[in-house]
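# Architecture and fold: a report
Here is how the chains run, residue by residue.
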Amino acid sequence: MTIIELEAHRRTVTTPQGTVSCLDVGSGPAALFVHGVGTNALLWHHVIRAFAGQRRCVAIDLPLHGRTPAAPGQDFSLGALADVVEGFCEAAGLRSVDLVAHNTGGAVAQVFAARHSHRLHSLCLTNCDAHDNVPPEAFKPTVDLAASGALAAGAAALLADPEAARALIFGSGYEDVTHLDLELVRSFLDPVLGTAERARQFERLILSLRPGDLLAAEPQLAQLTVPTLIAWATHDVFFDLSWAYWLKNLIPGASQVIEIDGGRLFFPEERPGDLIDALRKHWDR
């Protein structure tokens, strides 16, 4: 199933927080996938292909990403994004989900899990923000660019040279960034940088990434007993392996950490087999 074929399974769900676009592929128990900043539902394309024959794989586009629009005054806080996920689940009739989340989506998933644990059949967190590591230190140069307005100012030049954009934006998150298809790069970047308005919204989103909602979720996460898998790339410059074990110690349902040896932030797209194997074992328990 190619990306074009995956796109044939796209639909739009109307929620109290606005319209949300998603890929909805296959049938069976529902697996819900949540991406992070600067990507979209297509991050999960390999994983969806692997499981679409056994599960209903639903991958959402968060506001401003993919094909989900952002309102002019959109609240991009982690708590508000968790509300988007809950609104989507309610509107889409997803009563129980195996939730899989990555990067900023992992922080959103933690807040969602704390507030709506009744929705969870299981949880999987891959490399993501945790505790007060929001935003991570290695991401702060991008935060500074957003604060100065330079990110939006340089957006057109970035989009004009996809190879340069791939290296600059995604290079540190891949073992070999040339693995990332340029069409996928465009699909990630055009929604957040494709117009001056969207680029300014993206700057505002980046500046909204603060730990308050995540810290507030910790008492509930400390009581979360749903089966939780933590799959973590060991060479991620943004989210050190120590955060995986911090999450394991926090969440009672987390029985193990699967270490993706040598992997970097975007291993779900670059090395999907590692995540697919871990999820298959996790879901078959």
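Refer to the preceding data block for the structure.
A brief look at the structure comes next. In this text, all values refer to a predicted model and were calculated from it rather than measured experimentally. (Residues numbered from 1 in each chain as written. Predicted model: local features only at pLDDT ≥ 70, side-chain atom pairs only at ≥ 80, totals over all residues. Heavy atoms only, no water.)

What follows covers the pairing of strand β3 (residues 30-34). When a strand is regular, its side chains alternate between the sheet's two faces. Counting buried positions along β3 gives five out of five residues, so the element sits mostly inside the fold. Of the two faces of β3, the one lined by A30, L32 and V34 and the one lined by A31 and F33 are each fully buried. Bridge count between β3 and strand β4 (residues 56-60): five bridges; the pairing is parallel. Bridged to F33 within β4 is A59. Following the backbone out of β3, through helix α2 (residues 45-51) and into the adjacent parallel β4, one traces a crossover that is right-handed. Note: β3 against strand β5 (residues 97-103), four bridges, orientation parallel. Considered in β5, the bridge of F33 is made with V100. (Buried < 20%, exposed > 50% of the residue type's maximum accessible area, 1.4 Å probe, protein only. Helix = DSSP H or I, 4+ residues; strand = E, 2+ residues; numbered from the N terminus. Pairing = 2+ DSSP bridges. Right-handed = clockwise from strand over helix to strand, strands pointing away.)

We now examine the environment of D240. By secondary structure assignment, the location of D240 is in the loop between β7 (228-233) and α12 (241-250). For the pair formed by D240 and L265, sequence separation is 25 residues and the distance between their alpha carbons is 9.9 Å. Separated by 2.8 Å, the side chains of D240 and S242 make a polar contact. (Polar contact = N/O pair within 3.5 Å; in protein donor to acceptor, adjacent residues only side chain to side chain.)

Time to look at empty space enclosed by the protein. Under the definition given, this model contains one cavity of 30 Å³ or more. Lining the largest cavity we find H35, G36, V37, L62, H65, L81, T104 and L205. Taken together, the residues of the lining of the largest cavity sort by class into four nonpolar, four polar and no charged. (1 Å grid on protein atoms, 1.4 Å probe; cavity = no way out; pocket = protein on both sides within 12 Å on 5 of 7 lines; lining within 4 Å. Points joined across faces, edges and corners; volume = space filled by probe spheres on them. Nonpolar A, V, L, I, M, F, W, Y, C, P; charged D, E, K, R; others polar.)

What follows covers α12. The complete set of buried residues in α12 reads L241, W243, A244, L247 and L250. At its buried positions, α12 is contacted by α4 (104-115), β6 (120-128), α11 (212-221), β7 and β8 (254-260). (Contact = heavy atoms within 4.5 Å.)

In this structure, P135 follows V134 across a cis peptide bond, with omega equal to -10 degrees. Inspection of the secondary structure assignment puts P135 in the loop between β6 and α5 (140-148). Phi is positive for L64, which is not a glycine, with a value near 80 degrees. With respect to the secondary-structure elements, L64 resides in the loop between β4 and α3 (78-92).

Turning to the packing of α5 against helix α10 (residues 196-207), a few remarks are in order. The interhelical angle for the contact between α5 and α10, taken along N-to-C directions, is 130 degrees, at an axis separation of 9 Å. Taken together, the axes of α5 and α10 lie oblique to each other. Along this stretch, α5 crosses α10, giving a crossing that reads as left-handed. In this structure, α5 contributes T142, V143, L145, A146 and A147 to the contact, and α10 contributes E203, I206 and L207. Of the residues in the contact of α5 with α10, the class split is six nonpolar, one polar and one charged. (Axes fitted to C-alpha atoms, helices over the stretch in contact; angles between N-to-C directions. Parallel < 35°, antiparallel > 145°, perpendicular 65-115°, else oblique. Left-handed = near helix turned anticlockwise from the far one by under 90°.)

Moving on: the layout of surface pockets. Quantified by volume, the largest pocket comes out at close to 590 Å³. In terms of lining residues, the largest pocket is bounded by 30 residues, among which F139, T142, L168, I169 and F238 are the most central. For the lining of the largest pocket, the elements supplying multiple residues, two or more each, are α5, α6 (150-153), α8 (162-170), α9 (182-193) and α10. Classifying every residue of the lining of the largest pocket by side-chain character gives 22 nonpolar, seven polar and one charged. Computed from the structure, the second largest pocket encloses a volume of approximately 230 Å³. Contributing to the lining of the second largest pocket are 14 residues, with E7, L42, R67, E183 and S187 lying nearest its centre.

Taken together, the buried positions of α11 are L214, A217, E218 and L221. Axial view of α11: buried residues confined to an arc of 130 degrees, hence all on one face. Elements that come into contact with the buried residues of α11 comprise α3, α4 and α12. (Arc of directions from axis to C-beta.)

Turning our eyes to something else, we now look at the nonpolar core. Core analysis: the largest hydrophobic core is formed by 107 residues, its most contacted members being L32 and F88. When residues in this core are grouped by element, the largest group, eight residues, is from α3. (Core = buried A, V, L, I, M, F, W, Y, C linked by side-chain atoms within 4.5 Å.)

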